[in-house]
Amino acid sequence: MAREPRETTRAMGKRPGKFGRASREPAPEPLNIVHGILPPREVILRFIAEHPQKASKRELAKAFGLKGESRVELKHLLQELEQEGMLQKTRKSLIRPGALPPVTVLDITTRDKDGELIGRPAEWPEDQGVAPAVAIRQQSPAGRQGKGKSPVAGMGDRILAKIFPAVDRGGPAYTARIIKVIDKRRGASMGVFKDAPGGAGRLLPIDRRGEEMLIDPDYKGDAKDGDLVEVEIARLGRFGLARAKVLSVIGSVASEKAISMIAIHAHGIPHVFPPAAVAEADDAKPATMSHREDWRDMPLITIDPADAKDHDDAVYAEEDPSEDNTGGVIVTVAIADVSWYVRPNSPLDREALKRGNSVYFPDRVVPMLPERISNDLCSLKEGVDRPALAVRMVFSKDGRKIGHTFHRIMMKSAAKLSYQQAQAAIDGKPDDKTGPLLEPILKPLWHAYETMKRGRDRRQPLELDMPERKILLKPDGTVERVFVPPRLDAHKLIEEMMIQANVCAAETLEKKRQPLIYRIHDTPTLAKQEVLREFLATLGISLAKGGNMRANSFNGILAKADNTPHQTMVNEMVLRSQSQAIYSPENIGHFGLNLMKYAHFTSPIRRYADLIVHRALVGSLGFGEGGITPDEEATLDDISAEISTFERRAMAAERETVDRLIAHHLAGRIGQEFEGRVSGVTKSGLFIMLPDYGADGFIPISTLGSDYFIYDEAHQALSGEKTGLGYRLGDDVTVRLAEAIPLAGALRFEMLSEGRKMPTAVRSFHKAGRRDASRARKKIGTRPPRGRR
């Protein structure tokens with residue numbers, strides 16, 4: 001399967017205000033707009049909040065009737081508002097910080113006092129506090145008539161919705177119109193059933209923030225002690241635990257692969273294909289030569305992980321024979337032609353969109369497409385005819401791409417290699433399989449990579465050093481060991497060739513004026529830049545001010561921290577400063593890769609975005625059947641919002657599964673000491689990462705010692721008010737495991753290392769802050785709470 005660069009996915013923004021339900025405030029006064037005159041900043045901010053669909057510079061100029069010099073003044077004013085953190089860019093429009101995008105995936109979670117449905121964003125960063133409430137506007141079933149009818153949703157449903165600012169200032173800040181119901185009834189909870197006296201039961205939560213529930217004997221169904229169950233709340237009382245009713249029994253929590261099943265059910269990830277999709281896959285026949293070039297004699301090879309079951313990309317390289325490109329290379333990347341088998345609006349297509357992407361757990365894969373498609377007909381198996389879309393790219397000797405062409409082909413893979421096999425052959429240790437391939441295939445590939453690398457080095461994408469850990473499981477599904485696999489040149493070769501193929505797809509479709517889905521990554525917000533700037537200043541590293549930030553600006557910072565005690569800490573802070581990579585039909589470029597045109601093309605077996613790009617290429621280049629349809633083109637906004645949400649869902653499920661597996665692995669080691677590193681600093685305490693395990697745990701601030709510890713965001717530190725001793729992000733520490741909750745994936749540690757002396761700047765900052773707080777308390781007659789003085 002194709003590898004893409006590791007992208008940052010941290011969401012940026014600020015927490016919106018609190019929301020009540022008192023609705024007696026009068027509606028806001030209409031804006032007093034004088035056309036042709038630049039309005040005050042307050043008017044512009046209010047207009048953007050009330051008209052998010054008209055929040056681009058062009059729309060603002062049109063709304064206020066600005067021309068000539070006034071448009072220039074508007075541009076400068078908007079830049080000032082961005083620098084002050086009053087506005088932030090999203091795609092090609094402007095929004096207030098913390099505002100929801102115009103199209104959002106919502107989970108309907110509750111009702112207001114009038115019985116109206118209230119939803120919240122399906123994905124919302126924890127560091128932004130509580131997700132904003134959204135009032136759902138919908139017609140009653142009887143009123144659903146005519147061309148403009150909209151779907152009807154209920155409690156627990158997940159919906160795709162159009163977002164509008166609320167007129168009623170006393171209620172939720174937003175209202176929403178339902179575009180589509182994605183999933184029905186998501187109001188159920190999961191937990192582990194435990195027997196209780198009298199035939200009743202208790203539900204132990206699997207979520208870190210979950211609460212226990214009681215289950216009456218009549219409501220436990222077939223659940224047995226230790227079963228993983230799905231429940232719904234049957235009754236809430238003013239006192240005591242909530243009571244629940246068992247809806248379904250998923251299986252014993254002690255069974256093999258139960259940990260990943262928890263994440264699958266908790267996040268509502270579809271994992272059973274409907275009969276119609278399975279039947280369509282089973283009935284599929286091998287692709288024909290219609291509209292295809294015969295490339296079966298080209299020795300394309302696949303290079304994948306040793307345990308890969310599907311192979312969706314193959315590569316080949318050769319020197320360019322053209323006299324006009326002396327020293328140049330031709331690189332061919334062939335990608336499985338999934339669009340031939342998965343046609344728009346078919347059962348397979350609808351299920352693929354519902355999943356959005358394949359989800360990878362240590363013990364299983366939840367595929368986007370059935371195995372008949374992903375592991376058979378679309379897998380580029382060695383020595384077997386397979387349909388593909390191929391791009392032939394020509395590079396000069398200095399790594400500049402001169403040109404490219406796309407082709408719909410029939411290919412036959414000459415060999416299936418693992419990364420380790422290919423690398424060993426290049427390193428002088430070929431085996432029986434790679435020996436004959438070394439001179440004609442492998443060495444030209446490595447030569448081409450060295451050529452392409454010159455272009456990459458000149459481009460300077462963001463180069464974060466964040467090693468990825470893998471978990472090796474025993475046959476019973478428990479953890480055997482956690483390790484960091486070596487990063488080989490074979491990995492980098494495939495990654496760079498995939499990146500360039502993705503660029504070619506975006507460039508070709510733009511040239512054809514064909515709508516598509518881009519992979520976009522915005523620049524870090526000014527607010528996040530400022531947090532990073534303050535932190536780096538404590539290390540004597542400067543970060544230039546201004547909104548015109550580039551990836552190589554961060555590379556300079558990383559280079560200064562290289563081989564210093566702060567290296568890991570700086571890498572983590574730079575990662576946190578990054579915005580979120582998403583899918584969008586509107587292009588703003590990819591900041592991390594330092595590319596202006598980028599679309600996912602190389603993994604249509606496991607990502608729906610790539611399938612859309614394949615269809616767009618087939619349609620716009622006249623490659624025959626399986627092209628994009630007008631209906632798809634009209635809904636690319638909605639599709640992009642959905643698959644971006646499903647990508648975050650998959651990442652959360654994968655991360656939580658790893659946390660639970662590690663917590664299970666360490667549950668029998670309570671009281672043992674571990675070497676760790678401070679990976680996060682908050683007002684509540686310290687997050688500790690165990691490098692040997694890739695696990696994170698928490699130390700509450702109340703357990704750090706008798707001193708009064710103060711949080712300093714700029715220095716990412718907690719330091720004692722009296723002693724001046726404390727802990728900073730990146731500090732190496734020794735901790736004792738105090739508690740492990742495997743089902744929640746939670747670990748709690750006790751600190752054994754004494755804090756180190758904080759820099760003078762940190763202590764001065766704290767003293768000044770405490771003096772100000774003391775003066776304020778004297779002024780209003782208050783004192784700090786007992787035990788915290």
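Quick caveat: nothing in here was measured; it's all calculated off a predicted structure.

Visitor: I'd love a proper account of the overall build of the protein chain, names of residues and values included.
Guide: Across its full length, the protein chain holds 17 helices and 34 strands. In the protein chain, which comprises 789 residues, the share counted as buried stands at 49%. Carbon and sulfur atoms form 50% of the exposed surface of the protein chain, whose accessible area is close to 37000 Å².

Visitor: Got a sec to walk through the sheet that holds strand β29 (residues 709–712)? Specific residues and values, please.
Guide: On the basis of which strands lie adjacent, the open sheet formed by four strands has the order β29-β30-β31-β34 and antiparallel pairing. Edge strands, defined here as strands with exactly one partner in the open sheet, are β29 and β34 (756–757). Here strand β31 (residues 725–728) pairs with β34 via two bridges, running antiparallel. Residue pairing for β34: G726 is matched across the bridge by R756.

Visitor: Account for the packing of helix α9 (residues 438–459) against helix α10 (residues 489–511), naming residues and giving values.
Guide: Where α9 meets α10, the axes come as close as 10 Å, and the angle between the chain directions of the two elements is 65 degrees. Our classification of the angle between α9 and α10 gives roughly perpendicular. The way α9 lies across α10 gives a crossing that is left-handed. Contacts between α9 and α10 involve L445, W446, A448, Y449, M452, R456 and R459 from the first element and D489, A490, K492, L493, E495, E496, M497, I499 and Q500 from the second.

Visitor: Tell me about the pattern of salt bridges, and please be specific about residues and values.
Guide: Under the definition given, this model contains 36 salt bridges. Across the salt bridge formed by E382 and K433, the nearest N and O atoms sit 2.7 Å from each other. In this pair, E382 sits in the loop between α7 (371–377) and β19 (385–395) while K433 sits in the loop between α8 (419–426) and α9, placing the two residues 51 residues apart along the sequence. On the accessibility criterion, K433 (30% relative accessible area) is partly exposed.

Visitor: Give me the nonpolar core: which residues, what numbers.
Guide: Counting residues in hydrophobic clusters, the biggest one holds 50 residues, and the most contacted among them are V574, L686, I688, L704, V735 and M751. When residues in this core are grouped by element, the largest group, five residues, is from helix α12 (residues 551–561). For V735, the residues in contact, after removing those within four places along its chain, are Q672, E673, F674, I688, L690, I699, F749, E750, M751 and L752. Within the second largest apolar cluster, 48 residues are counted, among which are A415, M452, Y518 and F623.

Visitor: I'd like a rundown of the pairing of strand β30 (residues 717–720), residues and numbers included.
Guide: Side chains of β30 alternate between two faces, with A717 and S719 and L718 and G720 buried alike. With four bridges connecting them, β29 and β30 associate as antiparallel partners. Across the sheet, F709 pairs through a bridge with G720, a residue of β30. Where β29 folds back on β30, the antiparallel hairpin that results is connected by four residues, among which Q716 adopts a positive phi of roughly 50 degrees. The sheet contact formed by β30 and β31 spans three bridges and is antiparallel. The residue bridging L718 from the neighbouring strand is Y727, located in β31. Connecting the antiparallel pair β30 and β31 is a turn made up of four residues, with G724 showing a positive phi of about 75 degrees.

Calculation criteria
Residues numbered from 1 in each chain as written. Predicted model: local features only at pLDDT ≥ 70, side-chain atom pairs only at ≥ 80, totals over all residues. Heavy atoms only, no water. Helix = DSSP H or I, 4+ residues; strand = E, 2+ residues; numbered from the N terminus. Buried < 20%, exposed > 50% of the residue type's maximum accessible area, 1.4 Å probe, protein only. Areas by Shrake-Rupley, 256 points an atom, 1.4 Å probe, with all protein chains shown as cover. Pairing = 2+ DSSP bridges. Axes fitted to C-alpha atoms, helices over the stretch in contact; angles between N-to-C directions. Parallel < 35°, antiparallel > 145°, perpendicular 65-115°, else oblique. Left-handed = near helix turned anticlockwise from the far one by under 90°. Contact = heavy atoms within 4.5 Å. Salt bridge = Lys/Arg side-chain N within 4 Å of Asp/Glu carboxyl O. Core = buried A, V, L, I, M, F, W, Y, C linked by side-chain atoms within 4.5 Å.

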